[in-house]
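# What the coordinates show
Residues per chain are reported as follows:
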Amino acid sequence: MDMEEEESRIDLSSLTVVDDDDADEITTENDSEDEYDTSTDEDESSTEEEDDGDGDAGPPIHFAEDLASPPGSILLDIRGYIDVRTNATTANACLSTGRRAIRVTFWAARPPRVSCFTIHCDGVKPNQFPSFPLVLAAADDLVLLRVAINPSENPFSTRFIIEYYIYQAAGATPTLRLLTVPCHLSYAGILRLRDGDDGEFLVASIQVVEGANGKQFDLHLFDSRTWTWTTRLMRVDKPERYARAGFRPTKMLTVGGERGLMAWVDLWHGMLFCDLLAVHDDDAMLRYIPLPSSPSTKREGSPSDVRDIAIVQGRIKFFEMRFKVKQRAITSTTTLVTRYWKATTWQMTDPWHNWRNDCGLNIFKMPVDKTHPELPPRLHDMGKLHGDQPALSLHEKDVVYIMAKAKGSDRRAWMLAVDVRKKTLREVVAFDAGRAYNFTYLQSRISNYLRIQSSTR
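Residues numbered from 1 in each chain as written. Predicted model: local features only at pLDDT ≥ 70, side-chain atom pairs only at ≥ 80, totals over all residues. Heavy atoms only, no water.

Right, let's talk about the overall build of the protein for a bit. Of regular secondary structure, the protein possesses 2 helices and 29 strands. Every one of the 457 residues in the protein was classed for burial, and the buried ones make up 51%. Restricting to contacts in the protein with at least 6 residues of sequence separation, those with at least 24 account for 56%. About 21600 Å² of surface is accessible on the protein, with carbon and sulfur atoms providing 47% of the total. (Helix = DSSP H or I, 4+ residues; strand = E, 2+ residues; numbered from the N terminus. Buried < 20%, exposed > 50% of the residue type's maximum accessible area, 1.4 Å probe, protein only. Contact = heavy atoms within 4.5 Å. Areas by Shrake-Rupley, 256 points an atom, 1.4 Å probe, with all protein chains shown as cover.)

The following block contains the structure:
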């Protein structure tokens, strides 16, 4: 449904935004309004440290309530920690060399707290991991992991091996299996196969074909039933429309269904749909669908700072928040600047062709009171917060999680749970990853399968 634009008026006595829907809008030829995304603030972002795997202070400590009944989904930090501790989720495998064992453990937390995973490899010191272990994809009880290890203790050595593993939570015990890959996997997704109860799955990854002007892709498809890879050349159904937009995948969606639908998403532009269970049909193609967008949205920086997309209760849901700056001339020499956030959600249903506007709100007009003591009183004016990394809840249809900081360069942050439809702040929790980061998390339903009870944490 279309949402009417809310008007604001400035209370000059306190210089804060107050709702005044019935008031007439005061306009002057000097009034202007612009929209920005958070990543354009170079002064704040310039102090961020790169993720080099060093300075790891250990994973965040979780709470007793995280060991109760599991949440319907979690926010999973895609960058792992090096830590020797284990719990009931721990699974083991051998490195490709066969000489050492590697262990993976998950630490589930109830959103809006962030969950994490840890890696430990026998005989390998933390400084032998040249980069953070990464989660590349997750679906149901499955997680695809990438781990880089430097066999030498020389920190300047450029010789290292990259291993890929499939973690599976369901079954009598969790398992970790080494996955040999045909190429470097960057944009990969997992599709759980529903035929039988054998836990079989597909892994799919696409790569642009050189010299094809981005209009053709190699689809690499792994089938756990045969434990083999196949590769097929795929074309885009509307190459002219796709080529105009440009395409750089930033997220994967596993829709599923009879044809095993998967989507590679460029959060600035659109989605490439692929029917994985029909890729061998003669007419199989990648189908391009653009994302909805506000005309004034500035596509700068990382789109995950201001956008997210997810499968929520059988629908594709898309979320965008825009940082707006409104300038109003008070006198000939004075201009009042108001900063605030606007958010909008859209949704799409089967047959996955058209977007429908769902709802919107001015995020930082939401009241903050003593029911949220985690947020310092000086930040109760939410217009002072730097918000980014929105993540749609997979199990609460109208909830989005947002990371908020006093400054964009701060390591300490707060995770907000916002009900977009009711326009309320549901929950606030403090967050500190214990390390510098350009933070990214993904939503996962693996919490429904993890044996999260543990006394070792």
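There's more to say after this.
In the structure shown here, the tally under the stated rule is 8 aromatic pairs. Relative to phenylalanine 117, the ring of phenylalanine 106 has its centre 6.0 Å away and its plane inclined at 35°; by these criteria the two rings are tilted. Within this pair, whereas phenylalanine 106 is found in strand S7 (residues 101-107), its partner phenylalanine 117 is found in strand S8 (residues 114-121), the two being separated by 11 residues in sequence. Residue class for phenylalanine 106 comes out buried when judged on its relative accessible area of 2%. On the numbers, 4.6 Å between centres and 55° between planes, the contact of phenylalanine 106 with tyrosine 167 is tilted. Highlighted residues: phenylalanine 106 in strand S7 and tyrosine 167 in strand S11 (residues 161-168), separated in sequence by 61 residues. There is no split in this pair, since phenylalanine 106 and tyrosine 167 are both buried. Through successive ring pairs, a cluster of aromatic residues spans Phe201, Phe222, Trp227 and Trp229. (Phe/Tyr/Trp six-rings, centres within 6.5 Å; stacked < 30°, edge-to-face > 60°.)

For the rest of this paragraph, the subject is the nonpolar core. Ranked by internal contacts, the top residues of the largest apolar core, which has 27 residues, are Ile102, Val104, Phe106, Val135, Leu145, Tyr167 and Leu176. Contributions of two or more residues to this core are made by strand S4 (74-77), strand S6 (91-94), S7, S8, strand S10 (142-149) and S11. Here this core takes 4 residues from S10, the largest share from any one element. Look past the residues within four positions of leucine 145 in its chain and what remains in contact with it is Val104, Phe117, Leu134, Val135, Glu163, Tyr164, Tyr165, Tyr167 and Leu176. (Core = buried A, V, L, I, M, F, W, Y, C linked by side-chain atoms within 4.5 Å.)

Next up on the list: the sheet that holds strand S17 (residues 251-256). An order of S17-S18-S19-S20 is seen for the 4 strands of this open sheet, with the pairing classed as antiparallel. The strands lining the two open edges of the sheet, one partner per strand, are S17 and strand S20 (287-290). For this sheet, the mean angle separating the axes of adjacent strands, direction not counted, is 25°. In this structure, strand S18 (residues 261-266) lies alongside strand S19 (residues 270-275), joined through 6 bridges in antiparallel fashion. Bridge pairing in S19 places aspartate 266 opposite glycine 270. (Pairing = 2+ DSSP bridges. Axes fitted to C-alpha atoms, helices over the stretch in contact; angles between N-to-C directions.)

Counting buried residues in strand S27 (residues 413-419) gives 7 out of 7 residues, a clear majority hidden from the surface. With burial as the criterion, each face of S27 is covered, one bearing Ala413, Met415, Ala417 and Asp419 and the other bearing Trp414, Leu416 and Val418. Here strand S26 (residues 399-405) pairs with S27 via 6 bridges, running antiparallel. Bridge pairing in S27 links valine 400 to valine 418. Strand direction decides the pairing type here: S27 and strand S28 (residues 424-431), joined by 7 bridges, are antiparallel. Counterpart to aspartate 419 in the pairing with S28 is threonine 424. In textbook terms, the turn of a hairpin is the stretch between consecutive antiparallel strands, and for S27 and S28 this stretch comprises 4 residues, one of which, lysine 423, has a positive phi near 60°.

To continue, consider the state of the cysteines. Per the stated rule, a full pass over the model turns up 0 disulfides. Sulfur of cysteine 94: no disulfide; nearest cysteine sulfur belongs to cysteine 121 and is 9.6 Å away. Assessed through its relative accessible area of 46%, cysteine 94 is described here as partly exposed. (Disulfide = S-S within 2.5 Å.)

Next up on the list: the sheet that holds strand S14 (residues 201-208). Spatially, the 4 strands line up as an open sheet ordered S13-S14-S15-S16, and their pairing is antiparallel. What marks the edges here is a single partner per strand, and that holds for strand S13 (188-192) and strand S16 (228-235). Strand after strand, the sheet turns through a mean of 25° between neighbouring axes, direction not considered. Note that S14 and strand S15 (residues 216-223) share 7 bridges and pair antiparallel. Pairing of leucine 202 across the sheet is with aspartate 223, part of S15.

On average, residues of the protein score 77 in pLDDT, and 69% of them are at 70 or above. Averaged over each element, pLDDT in the protein is lowest for strand S2 (residues 16-19) (29) and highest for strand S12 (residues 175-178) (96). Confidence drops under a pLDDT of 50 for residues 1-55, and excluding neighbours within four residues, the segment shows 114 contacts in the predicted structure. (pLDDT = per-residue confidence, 0-100.)

With that settled, consider the pattern of salt bridges. Once the charged atoms of two side chains with opposite charge are near each other, the side chains can pair. A complete count under the given rule lists 14 salt bridges for this structure. Notably, a salt bridge pairs glutamate 320 with arginine 322, separated by 3.5 Å at the nearest N-O pair. Judged on exposure class, the residue glutamate 320 and its partner arginine 322 are both buried. Glutamate 396 is the salt-bridge partner of arginine 426, the closest N and O atoms lying 2.4 Å from each other. With a gap of 30 residues between them, arginine 426 in strand S28 and glutamate 396 in the loop between strand S25 (386-392) and S26 connect regions that are remote in the sequence. One continuous salt-bridge network, built from bridges that share partners, spans Lys317, Asp358, Asp398 and Arg421. (Salt bridge = Lys/Arg side-chain N within 4 Å of Asp/Glu carboxyl O.)

A few words on the environment of valine 143. With respect to the element layout, valine 143 can be found in strand S10. Given the relative accessible area of 0%, valine 143 is considered buried. For the pair valine 143 and alanine 169, spaced 26 residues apart in sequence, the C-alpha to C-alpha distance is 8.6 Å. Those residues in contact with valine 143, other than ones at most four positions away along the chain, are Phe106, Val135, Ala137, Ala138, Tyr165, Ile166, Tyr167, Ile190 and Ile446.

This part takes up unusual backbone geometry. With an omega of 15°, the peptide bond between proline 111 and proline 112 qualifies as cis. Among the structural elements, proline 112 can be located in the loop between S7 and S8. Cis geometry marks the peptide bond from aspartate 350 to proline 351, where omega comes out at 20°. Within the secondary structure, proline 351 sits in the loop between strand S23 (335-348) and strand S24 (356-361). One non-glycine residue, lysine 423, lies in the positive phi region at around 60°.

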